[in-house]
Amino acid sequence: MYARFTKNRAIGLVGLLVTAALWAQSISFEVASIRLSKPGQEAIRNSLGRVQLSGSNITGSAMAVRDLIFQAYGIRPFQLAEAENWTTSDRWNILAKVAGDGLVTKEQVRPMFQALLADRFQLKLKRQMKEMPVYALRIADGGTKLRRPTESEALPPRRVARQDGVQQFGLGKATMEQVVTFLSLNVDRPIVDLTGLEGDFVYAIEFVPDRLLLASNAPAGVSIFKATESQLGLKLEGVRLPVEYFTIEHVERPSEN
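Below, the structure is looked at part by part.

Thresholds applied
Residues numbered from 1 in each chain as written. Predicted model: local features only at pLDDT ≥ 70, side-chain atom pairs only at ≥ 80, totals over all residues. Heavy atoms only, no water. Helix = DSSP H or I, 4+ residues; strand = E, 2+ residues; numbered from the N terminus. Buried < 20%, exposed > 50% of the residue type's maximum accessible area, 1.4 Å probe, protein only. Contact = heavy atoms within 4.5 Å. Core = buried A, V, L, I, M, F, W, Y, C linked by side-chain atoms within 4.5 Å. Phe/Tyr/Trp six-rings, centres within 6.5 Å; stacked < 30°, edge-to-face > 60°. Lys NZ or Arg CZ within 6 Å of the ring centre and 35° of its normal. Salt bridge = Lys/Arg side-chain N within 4 Å of Asp/Glu carboxyl O. Pairing = 2+ DSSP bridges. Axes fitted to C-alpha atoms, helices over the stretch in contact; angles between N-to-C directions. Arc of directions from axis to C-beta.

1. Points about the overall build of the protein chain
(1) Moving on: A count of helices and strands for the protein chain gives 7 helices and 11 strands.
(2) Moving on: Within the protein chain, the fraction of its 257 residues that count as buried is 47%.
(3) Moving on: Of all intrachain contacts in the protein chain linking residues separated by at least 6 positions in sequence, the fraction that spans at least 24 positions is 78%.

This is how it looks when you write it as structure tokens:
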């Protein structure tokens, strides 16, 4: 959901106290092991962050409680209030299996992580709508320039920082969530996706970071805002919008198994 905004979702949410158990669907992991990570263990990252899916097996590497919440509820860091230090500093390795041998998607895994957080971490969340300054991502006046990928274009992410500082980034198969994630790393506000675009797209962008645009010897190129519009057919607009916001009401360290 990564801060997707709809007016209807604001109704009845303000001040609502929920637990991860109430959010979770009846689906849960068949088995799940949680162990504290060894000091200095590197987190394994891919397009899903620290979670890797392989058939019916799920592996989480060096995940803090906050990381688990991001994964479980599909939210961004700016949507979760600060909590006890250990929810960021303590890291956990998660090994889990879904019943059956079929492939699972991250959307199917989210309610399983919600159930895991409720059961093993005793997590309780307060969920509300909070107005904050954001960039609204919309389709530009001329229409989007994103196109659907062919099978041969389902390539891993490619990011290049040229010697002159120009940033190049591309995905042969990208969801809008991935597009927003990348753009968010390069602007000074959270991004709310209002494009309504679903599915996968070929995504490529080239821009000059703002800090270099102000230099006397700035490389040739455009800002990420102009690049988003001219190269992707999307535009970023500074606005204030209600965004789903979560506060940890209660959480405990789990017992290892």
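2. Quick word on the nonpolar core
The nonpolar side chains of a soluble globular protein tend to be buried with one another.
(1) Moving on: Within the largest apolar cluster, 31 residues are counted, with the highest numbers of intra-cluster contacts made by Phe 29, Ile 58, Ile 69, Ile 94, Phe 113 and Phe 121.
(2) Moving on: At the level of secondary structure, the elements contributing two or more residues to this core comprise β2 (31-36), β4 (57-63), α2 (65-73), β5 (92-97), α4 (106-120) and β11 (234-250).
(3) Moving on: Element by element, the count of residues in this core is highest for α2, at 6 residues.
(4) Moving on: Beyond its immediate sequence surroundings of up to four residues, Phe 29 is in contact with Ile 58, Ala 96, Lys 97, Val 98, Val 109, Met 112, Phe 113 and Leu 116.
(5) Moving on: Counting 23 residues, the second-largest nonpolar core is a separate cluster that includes Leu 183, Tyr 203, Leu 232 and Leu 234.

3. Observations regarding the environment of Lys 226
(1) Moving on: You can see Lys 226 is positioned in helix α7 (residues 224-232).
(2) Moving on: As a C-alpha pair, Lys 226 and Phe 207 span 19 residues in sequence and 8.3 Å in three-dimensional space.

4. Remarks on the packing of aromatic side chains
(1) Moving on: Scanning the entire structure with this criterion turns up 8 aromatic pairs.
(2) Moving on: An aromatic cluster of three or more residues is present, and its members are Phe 169, Phe 182, Tyr 203 and Phe 207.
(3) Moving on: Above the plane of the ring of Tyr 245 lies Lys 130, whose end atom (NZ or CZ) is 4.2 Å from the centre.
(4) Moving on: The residue whose ring lies beneath Arg 189 is Tyr 135, and the NZ or CZ to ring-centre distance is 5.2 Å.

5. Considerations on the pattern of salt bridges
(1) Moving on: Under the counting rule described, the total for this entry stands at 8 salt bridges.
(2) Moving on: In this structure, the salt-bridge partner of Arg 91 is Asp 67, at a minimum N-O distance of 2.9 Å. Of the two residues, Arg 91 is situated in the loop between α3 (86-89) and β5 and Asp 67 in helix α2; the sequence distance between them amounts to 24 residues.
(3) Moving on: On the basis of relative accessibility, which here comes to 27%, the residue Arg 91 falls in the partly exposed class.
(4) Moving on: A relative accessible area of 16% places Asp 67 in the buried class.
(5) Moving on: Via salt bridges that share partners, Arg 138, Asp 141, Lys 235 and Glu 237 belong to a single interconnected network.

6. Examining unusual backbone geometry
Backbone geometry follows two general trends: most residues other than glycine have a negative phi, and most peptide bonds adopt the trans configuration.
(1) Moving on: If you check the backbone angles, Ala 62 has positive phi at about 45° while not being a glycine.
(2) Moving on: Take Ala 62: it is sitting in strand β4.
(3) Moving on: Despite not being glycine, Gln 122 has its phi angle at roughly 50°, a positive value.
(4) Moving on: Secondary-structure assignment places Gln 122 in the loop between α4 and β6 (124-139).

7. Some remarks on the sheet that holds β4
(1) Moving on: Across the sheet, which stays open at both edges, the 4 strands sit in the order β2-β5-β4-β3 with antiparallel pairing between neighbours. The sheet is open, and its two edges are formed by β2 and β3 (51-54), each paired on a single side. On average, each strand axis in the sheet is inclined to that of its neighbour by 10°, with strand direction left out of account.
(2) Moving on: Note that β3 and β4 share 4 bridges and pair antiparallel. The residue bridging Gln 52 from the neighbouring strand is Thr 59, located in β4.
(3) Moving on: Contacts between α2 and the sheet are confined to β3, β4 and β5, with β4 contributing the most and set at about 140° to the helix.

8. Things to note about α7
(1) Moving on: Regarding α7, the residues found buried are Ile 224, Ala 227, Thr 228 and Leu 232. One side of α7 carries all its buried residues, which in axial view fall inside an arc of 105°.
(2) Moving on: In the core, the buried residues of α7 are packed alongside β6, α5 (176-184), β10 (200-207) and β11.
(3) Moving on: Trailing α7 by a residue or two, Gly 233 shows a phi angle of about 70°, which is positive.

Just geometry here; none of it tells us what the structure is for.
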